[in-house]
Amino acid sequence: MATTHITPETNGVRYGLFTAGGIILYFLVASLFGLAERIELSFLNGIILAVGICMAIVNYKNSRHGRMPYLHGFGTGIITGAVAAIVFGLFFIVYAGVLNRHIMDGIRAQDLFGFDLSVTIAFLAIILQGAMSGVIISLIAMQYYKSPDHKPLTGLE
């Protein structure tokens, strides 16, 4: 039986797709209840992203028998966040540009971004927010999930 070798890239893409699925599901439920136009509820996307990134890092660490290089874990989280943001952004283009054109009217009416908000600008904002959140969440998560040899000595050993 062949064993699969998990890399930060393959693990990040896999969990990024799972995370994007969770964000898309949340967005569809919010849209069903008429809450998709409420920008302040998008913070839950960050929570879903954080859960996905942590799951990706834990999976990678477990595949390495608890011995994970710091930058591999950090990279896994960044890739997970970027993939999730890109996939959700592409979904948003299809959803707001084809399936539900009225969603952009609701967002524009709040005048948070000015009158020039288009689906393309929203796509770029989603990618920027997801990628930057992915970096920050990964940095924080790696403080908890890093291997014991990366932790500073306390002088008590």
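As shown above, the structure is provided for reference.
Residues numbered from 1 in each chain as written. Predicted model: local features only at pLDDT ≥ 70, side-chain atom pairs only at ≥ 80, totals over all residues. Heavy atoms only, no water.

Visitor: How would you explain the packing of aromatic side chains if you had to name every residue and give the values?
Guide: The geometry of two aromatic rings is summed up by the distance between their centres and the angle between their planes. Scanning all chains against the criterion turns up nine aromatic pairs. Judged by centre distance (5.2 Å) and plane angle (85°), the rings of phenylalanine 27 and tyrosine 95 are edge-to-face. Of this pair, phenylalanine 27 sits in helix H1 (residues 8-32) while tyrosine 95 sits in helix H3 (residues 70-99); the two residues are 68 residues apart in sequence, bridging distant segments of the chain. For the pair phenylalanine 27 and tyrosine 95, one class covers both residues: buried. (Phe/Tyr/Trp six-rings, centres within 6.5 Å; stacked < 30°, edge-to-face > 60°. Helix = DSSP H or I, 4+ residues; strand = E, 2+ residues; numbered from the N terminus. Buried < 20%, exposed > 50% of the residue type's maximum accessible area, 1.4 Å probe, protein only.)

Visitor: Pulling in residues and values, what's your account of the side chain of serine 138?
Guide: By secondary structure assignment, the location of serine 138 is in helix H5 (residues 119-145). If near-sequence neighbours (up to four positions away) are discounted, serine 138 is found in contact with Ile53, Phe74, Gly77 and Ile78. (Contact = heavy atoms within 4.5 Å.)

Visitor: Help me get a handle on the side chain of serine 31, residues and values and all.
Guide: Locating serine 31 in the fold gives a position in helix H1. On the basis of relative accessibility, which here comes to 17%, the residue serine 31 falls in the buried class. At a separation of 2.3 Å, a polar atom in the side chain of serine 31 contacts the side chain of tyrosine 95. (Polar contact = N/O pair within 3.5 Å; in protein donor to acceptor, adjacent residues only side chain to side chain.)

Visitor: Describe the environment of proline 8, with residues and values.
Guide: With respect to the helices, strands and loops of the structure, proline 8 is situated in helix H1. Linking proline 8 and isoleucine 79, residues 71 residues apart in sequence, is a C-alpha distance of 7.9 Å.

Visitor: Which residues make up the packing of H1 against H3, and what values do they have?
Guide: For the pair H1 and H3, the least separation of the axes is 7 Å and the interaxial angle reads 40°. As far as their axial angle goes, H3 and H1 are oblique. In this structure, H1 crosses over H3, and the sense of that crossing is right-handed. Looking at the contact of H1 with H3 residue by residue, the classes come out as 17 nonpolar, eight polar and one charged. (Axes fitted to C-alpha atoms, helices over the stretch in contact; angles between N-to-C directions. Parallel < 35°, antiparallel > 145°, perpendicular 65-115°, else oblique. Left-handed = near helix turned anticlockwise from the far one by under 90°. Nonpolar A, V, L, I, M, F, W, Y, C, P; charged D, E, K, R; others polar.)

Visitor: How would you explain helix H2 (residues 43-63) if you had to name every residue and give the values?
Guide: With 21 residues, H2 extends 31 Å between its outermost C-alpha atoms, agreeing within 8% with the 30 Å of an ideal straight helix rising 1.5 Å per residue. Considered for burial, the residues of H2 that qualify are Asn45, Leu49, Gly52, Ile53, Ala56, Ile57, Asn59, Tyr60 and Lys61. Immediately downstream of H2, the backbone of histidine 65 shows phi near 60°, a positive value. (Expected span 1.5 Å × (residues − 1).)

Visitor: Help me get a handle on unusual backbone geometry, residues and values and all.
Guide: With a phi angle near 60°, histidine 65 is a residue other than glycine that sits in the positive phi range. Note on placement: histidine 65 falls in the loop between H2 and H3.

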